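# Structural features, examined
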Amino acid sequence: MISFFVNGDPVDFNAAPDFPLLWALRDHLGLTGTKFGCGLAQCGACTVHVDGEPRLSCSVGLGEVKGKRVTTIEGLAPGNPVVKAVKAAWIERDVVQCGYCQPGQVMAAVALLQRNRAPTDADIDAAMDGNLCRCGTYPRIREAVKAAAATLAPKRPPGRRK
Amino acid sequence: MKAPRNASRRAFLKSTAALAGGLVIGFWLPGRQGRVLAQGAPKPPADPNAFLRIAPDGSVTVMVKHLEFGQGVTTALPMLVAEELECDWKQVRAQLAHAAPEYFHTGFGIQATGGSTSVADSWTQLRTVGAQARAMLIAAAAAKWKVDPAACRAEKGFVLGPGGRKAGFGTLAAAAARLPAPATVALKDPKDFRLIGKPVRRLDAAERANATTVFGMDLKRPNLHTALVARPPVFGAKVASFEVAKVREVPGVTHVIQTSRGVAVVAKSFWSAKKGRDALEVRWNEGEGAAISTEALRTQYAELATKPGPMARKPADPEALKAAAKRIVAEYEVPFLAHAPMEPLNCTVEVRADGAEIWCGSQFQTVDQAAAAKTLGLAPEKVRLNTLPAGGGFGRRANPAADFVTEACEIARDAKVPVKVIWTREDDIRGGYYRPMYVHRVEAGLDANGAIAGWNHAIVGQSIIAGTSFEPFMVKDGIDETSVEGVSDTPYDIANLGVTLHTTKSPITSLWWRSVGNSHTAFVMETMIDELAAAAGKDPVEFRRPLLAKHPRVLAALELAAAKAGWGTPVGKGRGRGIAVHESFGSVCAQVAEVSVEDGKVRVHRVVAAFDCGLVVNPLTVEAQVQGAIAFGLSAALHGAITFRDGKVRQSNFHDYPVLRLSEMPKVEVHLVASGLGKPTGVGEPATPPVAPAVANALFALTGKRARVLPLAATKWG
């Protein structure tokens, strides 16, 4: 039995340690926001957060997440300022085309901005380079990440909130 | 109520009481002239379908007959309706239509998404739907108020009448639905458009960003099984035998089924099906396909390219080249390419006692429906094909052979359970349908004045269309027009252009791939024009001007791209700048690329695009499509190649079939050309063809070397 947390809830799986996290999420928990794109850690469509770090769930075995906290796109806290900023920027910049890779893009962008609220172009390239998009939304992804970062920049003294 | 059967060549419209008292407008317009692609296309529908629903709450749902796979039709097509309907855009929703004759493409005679035609196809049809509905809503309000309809108007979802009268569309819809539809309606003058031409964000932006969209891959159904299929390792191979004992030991596997192409493993979940297929041993009779190798094709094609063959275009003077002052002979090669959409192919089928239901992202809904019906032994109307948004497609989901749909039908029929067939990325890269490999050989010459004296152009490659149901319409006198488009119909004024086509036979299955023939012909045409300009000692823009004198749209795009890119100004150390222009799908795109070479590899820094797609419906979408088409073209130009050894595809996934990554994406500037054309032309594809030649020409400017083979990564630069 392998136990871990998905979007805050404890889950138990009776499966081999190499059972891919992606298919546990999609087929057994019904969390289809995490996409299957390549199955080989090449495209980023299956990006989730494991203890806050972006991981490619197609190539993460359940054994690796034992006791850990897995967050999928469905579990992103709507009130989290980074999540709000990223989703708002994605809509405002009209990023999506087919949209299939976008959950992975959003997860990668949230992970980037959680650890770096003022990413440079090189930071964005490095953090988002593992997330393929065949529609070519890359220019707007860059814009949206920058726009989200701008909204997260401190505008008032720390400690004060709206 | 039945609509008139004999409705050809004129629009008809009927209204009927809708679900929940709303308004349903049924409408079908066969009037647009165009080539009919499908043989024996079904007759006009007896029962017209609803394009529009207005619910009591005032929400407006537009049925979108085209597939949404990134190009934004679920926003652009509702915009056409809303413009005339005068509804509140915030109340507008889009729903993808199922397969049905009333959703036929007005030019193709089948329900289809392709050729960058979706907006042009619906341009008159959906504005008319909106105008008809508006007139009926106004008539309903006028009758209720006992006033002259001419004294009423519609605005933002309300009908406004004399004396401050006001009623919402939702409250009028039921009464409007009982009124006769006006026989004719006047459509707005484009100068009065409020919505068309404005940047409108996608209706589905939030659901995509929140990942609540249900793609085919995500569909959930009761008792749904997953199937993976072992398909032939070489094209044309047949199953000789297979061992199922080890497969049955895999927990979750429920069926092992031989299909007409391979062997399917059906299981309770993806991973069980995957494990089951891994355990499956199939012995194949490989047949002649096992002899295919890219090297052998290259040799064969190069030899054919020097021989006479069927001509797609004859030169005015076949001997002109002999008198040329300067001659250039060049051979070009482009590889097979996979579509590789981000969502691997999949199709869900449920077969029931009284019919069947299918869910997939299809570009050819009624073709797939008919093929499914044949496979299942049902009448087409007993097969409900639901269109789901697709995670890309680029032509792969428009298959005259309906391969992934009929295969899923076979499996669901024989397994007698609901089945979702999923293709892995390896299945997609290895067992699929490709943009064919082509070799071009061009012999071109300049006269003493530096003008083009002659141009003999030979193209060698297999036909996408031959052997399909489209052959009677798209192959004429042995010439598949998709093999030569972009050369034989070039806008350049070259009197002595001769085009020869050698159509090779191959067991390799092929399909249209974003921009079809233009994906390779633009590369050859535009790099050769650049080469001739250099040979004539002229600037590439200057050289093109007289050749395009009769094509002002093409010339205008070229001039705009050049001006915006600073053509003629210094480009900076270590950089090269190249230009290309190409007309396709009724539109023109010119691009200027700026490149450098780093460690022998090509890096593209900036692409300035000038795009003329006629009347622009949604500039935000057009910009996105140009960016995307450039990324798609650049993926192929830099990296894309499917190659064969012993009949087997050597690539398998994104590590050996690389596509453009974010760090490789150049800055793209999109400038729209205001050509004054009063109608929309193609948007999704025309920006793909020019990028490869623009980059190749920039490489020449930088290195002095000509790029004649794609992908560029096959050559060490600098």
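Residues numbered from 1 in each chain as written. Chains lettered and ligands numbered in written order. Predicted model: local features only at pLDDT ≥ 70, side-chain atom pairs only at ≥ 80, totals over all residues.

### Topic: the overall build of chain A
The number of helices and strands found in chain A is 5 helices and 5 strands. Burial analysis of chain A (162 residues in total) assigns 52% to the buried set. Partitioning the intrachain contacts of chain A with sequence separation of at least 6 by distance along the chain shows that 64% fall at a separation of at least 24. (Helix = DSSP H or I, 4+ residues; strand = E, 2+ residues; numbered from the N terminus. Buried ≥ 20, exposed ≤ 12 C-beta atoms within 10 Å, placed from the backbone. Contact = placed C-beta atoms within 7 Å.)

### Details of helix 5 (residues 138-152) of chain A
In this model, helix 5 of chain A (15 residues) spans 21 Å end to end at C-alpha, consistent with the 21 Å of a helix rising 1.5 Å per residue. Among all positions in helix 5 of chain A, only A:Tyr138, A:Pro139, A:Arg140, A:Ile141, A:Ala144, A:Val145, A:Ala148 and A:Ala149 are buried. For helix 5 of chain A, the secondary structure elements touched by its buried residues are helix 2 (81-92), helix 3 (102-115) and helix 4 (121-128) of chain A together with helix 16 (619-638) and strand 30 (667-672) of chain B. (Expected span 1.5 Å × (residues − 1).)

### Points about unusual backbone geometry
All names here are of chain B. In the segment running from Leu 710 into Pro 711, the intervening peptide bond is cis, with an omega of 0°. With respect to the secondary-structure elements, Pro 711 resides in the segment after helix 17 (691-703). Despite not being glycine, Lys 156 shows a phi value in the positive range, around 45°. Tracing the sequence through the fold places Lys 156 in the loop between strand 6 (153-155) and strand 7 (158-161). A residue is classified by how many C-beta atoms lie within 10 Å of it, and Lys 156, with 14 of them, is partly exposed.

### Thoughts on the interface of chain A and chain B
The interface is formed by 43 residues belonging to chain A together with 44 residues belonging to chain B. Of all the secondary-structure elements, those providing two or more residues to the side of chain A that touches chain B are helix 1 (21-28), helix 2, helix 3, helix 4 and helix 5 of chain A. Here the residues of the side of chain A that touches chain B sort into 24 nonpolar, 11 polar and 8 charged. (Nonpolar A, V, L, I, M, F, W, Y, C, P; charged D, E, K, R; others polar.)

### Concerning the sheet that holds strand 17 (residues 355-360) of chain B
Residue and element names in this part refer to chain B. Ordered in space as 11-12-9-19-16-17-18, the 7 strands form an open sheet in which the pairing is mixed. Among the strands making up the open sheet, the edge pair consists of strand 11 (253-258) and strand 18 (383-387). Neighbour-to-neighbour, the strand axes of the sheet open up by a mean angle of 20°, direction not taken into account. By the bridge criterion, 5 bridges tie strand 9 (residues 225-230) to strand 12 (residues 263-267) in an arrangement that is antiparallel. Pairing of Leu 228 across the sheet is with Val 265, part of strand 12. Its contacts with the sheet place helix 8 (residues 365-376) against strand 16 (346-352), strand 17 and strand 18, and it is angled at close to 145° to strand 18. (Pairing = 2+ DSSP bridges. Axes fitted to C-alpha atoms, helices over the stretch in contact; angles between N-to-C directions.)

### Regarding the confidence of the model for chain B
All names here are of chain B. Averaged over every residue, the pLDDT of chain B is 92; residues scoring 70 or more account for 93%. In the predicted structure, residues 1-22 sits below a pLDDT of 50 and forms 60 contacts with residues beyond four places in sequence or in another chain. The low-confidence segment residues 25-49, where pLDDT is below 50, has 79 contacts with residues more than four positions distant or belonging to other chains. Model confidence for the complex: the whole-complex pTM is 0.94, and ipTM, which rates the interface, is 0.95. (pLDDT = per-residue confidence, 0-100.)

### Considerations on helix 2 (residues 118-145) of chain B
Residue and element names in this part refer to chain B. Between its first and last C-alpha, helix 2 extends 40 Å over 28 residues, near the 40 Å set by a 1.5 Å rise per residue. If you look at helix 2, its biggest bend is around 40°, right at Thr 124. Taking burial as the measure, the 28 residues of helix 2 include 23 buried ones, the bulk of the element. Backbone geometry just downstream of helix 2 places Lys 146 in the positive-phi region, at approximately 55°. (Bend = angle between axes of the 7 residues up to and from the residue.)

### Some points on the sheet that holds strand 7 of chain B
All names here are of chain B. With respect to topology, 3 strands assemble into an open sheet ordered 6-7-8, the strand pairing being antiparallel. Sheet topology places strand 6 and strand 8 (165-168) at the edges, where each strand pairs with a single neighbour. Adjacent strand axes in the sheet meet at a mean angle of 30° when their direction is disregarded. Pairing between strand 6 and strand 7: 3 bridges, direction antiparallel. Along strand 7, the bridge assignment pairs Ala 154 with Val 159. Contacts from helix 2 reach strand 6, strand 7 and strand 8, with the element oriented near 45° to strand 7. In the packing of helix 3 (residues 169-177) onto the sheet, contacts are made with strand 7 and strand 8, and the angle to strand 8 comes to roughly 80°.

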